[in-house]
Amino acid sequence: QVQLVESGGGLVQAGGSLRLSCAASGRFFGINALGWDRQAPGKQRELVARITSGGNTNYADSVKGRFTISRDNAKNTVYLQMNSLKPEDTGIYYCHARFTTNGDYWGQGTQVTVST
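In this text, all values refer to a predicted model and were calculated from it rather than measured experimentally. All residue numbers refer to position in the chain's written sequence, counted from 1. Confidence filtering applies because this is a predicted model: local features only for residues at pLDDT of at least 70, side-chain atom pairs given and counted only at 80 or more, and all residues used for totals across whole chains, interfaces and linings. Working from all heavy atoms in the structure, the side-chain values ignore hydrogens and water.

Draft legend 1. How the structure looks around the side chain of Thr110. Summarising the element assignment, Thr110 is placed in strand S11 (residues 110-115). Nitrogen and oxygen atoms within 3.5 Å of one another constitute a polar contact, given that in protein one can donate a hydrogen and the other can accept it, and given that sequence-neighbouring residues count only through two side-chain atoms. At 3.4 Å, the side chain of Thr110 forms a polar contact with the backbone nitrogen of Gly9. Not counting chain neighbours up to four residues away, the residues in contact with Thr110 comprise Glu6, Gly9, Leu20, Gly91, Ile92 and Tyr93. Helix and strand definitions here come from DSSP, where helices need a minimum of 4 consecutive H or I residues and strands a minimum of 2 consecutive E residues; each element is numbered from the N-terminal end. The criterion used for residue contact is that any of the two residues' heavy atoms lie within 4.5 Å.

Here it is in structure tokens:
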């Protein structure tokens, strides 16, 4: 079994920054892609950012230029640096991993709240 453990959420004022982390543990062969999804109140879950094992990234248009995703392959960890946060960034952020042989897993979610 595999597990994704997120950390770094919290409450921040608009314009502030937060850094999310997610570490994968358990038995797996490799990780193809890591990323973050989010779900705002009353909305569907959406992709925020993804990064492949080769370092290719993609972002939601709404976060381009403000968020940066990175990964440490040695630690099986993905990070999301979020700058210039806006109230519309508020939501539950879920870590996602696409394992080479285990399939897709999501973490339990971490709350991010951006106040005006």
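Draft legend 2. The side chain of Ser21, seen in detail. Looking at where Ser21 falls in the secondary structure, it is placed in strand S3 (residues 18-26). Discounting chain neighbours no more than four positions away, the residues touching Ser21 are Val5, Glu6, Ser7, Trp36, Val78 and Tyr79.

Draft legend 3. Looking closely at the sheet that holds S3. When DSSP finds two or more bridges between two strands, those strands count as paired. Strand order in the open sheet formed by four strands is S1-S3-S8-S7, with antiparallel pairing between adjacent strands. The strands lining the two open edges of the sheet, one partner per strand, are strand S1 (2-7) and strand S7 (67-72). Neighbour-to-neighbour, the strand axes of the sheet open up by a mean angle of 15°, direction not taken into account. The pairing of S3 with strand S8 (residues 77-82) spans six bridges and is antiparallel. Following the sheet pairing, Cys22 is matched in S8 by Val78. Each axis is a line fitted through C-alpha atoms, taken for helices only over the stretch in contact, and angles between the N-to-C directions span 0 to 180 degrees.

Draft legend 4. Representation of the packing of aromatic side chains within the structure. Each aromatic pair joins two rings of Phe, Tyr and Trp (for Trp, the six-membered one) with centres within 6.5 Å, and gets the label stacked for planes under 30 degrees apart, edge-to-face for over 60, and tilted for any other angle. Scanning the model with the defined rule gives two aromatic pairs in all. Centroid distance Phe28 to Phe99: 4.9 Å. Interplanar angle 50°. Geometry classified as tilted. Taken together, the positions of Phe28 in the loop between S3 and strand S4 (31-39) and Phe99 in strand S9 (residues 91-99) put the pair 71 residues apart, joining distant regions of the chain. By relative accessible area, which is 2% here, Phe99 ends up buried. On the numbers, 5.6 Å between centres and 85° between planes, the contact of Phe99 with Tyr105 is edge-to-face. Throughout this description, buried means an accessible area under 20% of the type-specific maximum (1.4 Å probe, protein chains only), exposed means over 50%, and partly exposed covers the range between.

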